[in-house]
Amino acid sequence: DLWGGGPMHSHLCAATPALYILWITMAQIAGQEDREKTTALKDLLSRIDLDELMKKDEPPFTFPKTLEEFEYAFNEYGQLRHIKTGEPFVFNAREDLHRWNQKRYEALGEV
């Protein structure tokens, strides 16, 4: 009988504190490893310059010098419209390129 006090019971009782200590030690080591991994990840992320990373996939910031080269004109109501489509100015000319779109918008504003 496992719980009746036989020889197996005495072995379990003797092993339980050792297993408990082993379990606590493993949990502490795992927690320390997690903290070290978190610290290393934070360090790596702090070294990444997001602006530089975003620039890698961007086209160059060269834009037309005239309103006509942008293919925009003002209609009879003073509204800026695309010459071919008649649509209003579209800020997001290129999806996922916010900085490029912003620079394009600024260049159009200057002409």
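Check the entry above for the structure.
This write-up is about the structure you can find in this document. (Residues numbered from 1 in each chain as written. Predicted model: local features only at pLDDT ≥ 70, side-chain atom pairs only at ≥ 80, totals over all residues. Heavy atoms only, no water.)

**Some words on the overall build of the chain**
Of the regular secondary structure elements, the chain holds three helices and two strands. Reading the secondary structure of the chain in the N-to-C direction produces α-α-β-β-α. Within the span of the chain, comprising 111 residues, buried residues form 12% of the whole. Counted over contacts in the chain with a minimum sequence separation of 6, partners at least 24 positions apart contribute 37%. Looking at the chain as shown, the accessible area adds up to about 9200 Å², and 59% of this sits on carbon and sulfur atoms. (Helix = DSSP H or I, 4+ residues; strand = E, 2+ residues; numbered from the N terminus. Buried < 20%, exposed > 50% of the residue type's maximum accessible area, 1.4 Å probe, protein only. Contact = heavy atoms within 4.5 Å. Areas by Shrake-Rupley, 256 points an atom, 1.4 Å probe, with all protein chains shown as cover.)

**Observations concerning unusual backbone geometry**
Within the chain, E71 stands out as a residue other than glycine whose phi angle is a positive 65°. Mapped onto the elements, E71 comes out in the loop between α2 (50-55) and β1 (72-74). The exposure class of E71 is partly exposed, given its relative accessible area of 30%. Here D96, not a glycine, exhibits a phi torsion of approximately 65°, which is positive. Note that D96 resides in the loop between β2 (80-82) and α3 (98-110).

**Here's the deal with the packing of aromatic side chains**
Summed over all chains, the structure comprises five aromatic pairs. Arranged with centres 6.5 Å apart and planes meeting at 20°, the rings of F61 and F63 form a pair that is stacked. On the basis of relative accessible area, F63 is assigned to the buried category, the value being 13%. Between the aromatic rings of F63 and W100, the centroid separation amounts to 5.3 Å while the plane-to-plane angle is 50°, which identifies the pairing as tilted. With F63 in the loop between α2 and β1 and W100 in helix α3, the pair connects residues that are 37 residues apart, well separated along the chain. In textbook terms, an aromatic cluster arises when at least three aromatic residues are bridged by ring pairs, as seen for Y72, F89, F91 and Y105. Lying over the aromatic face of W100, R94 brings its terminal NZ or CZ to 4.6 Å of the ring centre. (Phe/Tyr/Trp six-rings, centres within 6.5 Å; stacked < 30°, edge-to-face > 60°. Lys NZ or Arg CZ within 6 Å of the ring centre and 35° of its normal.)

**Side note on a nonpolar patch on the surface**
A cluster of nonpolar side chains, L41, L44, L45 and I48, forms an exposed patch at the surface whose accessible area comes to about 370 Å². For L45, the location among the structural elements is in helix α1 (residues 7-47). (Patch = residues over 30% accessible without salt bridge, like charges linked within 9 Å, V, L, I, M, F, W, Y side chains within 5 Å. Salt bridge = Lys/Arg side-chain N within 4 Å of Asp/Glu carboxyl O.)

**So, the side chain of R104**
Tracing the sequence through the fold places R104 in helix α3. With no salt bridge to any partner, buried R104 finds its closest opposite charge in E71, at an N-O distance of 8.4 Å. Excluding residues that lie within four positions of it along the chain, R104 makes contacts with F63, F70, Y72, F89, V90, F91 and A93. (Lys, Arg positive; Asp, Glu negative; His and termini not counted.)

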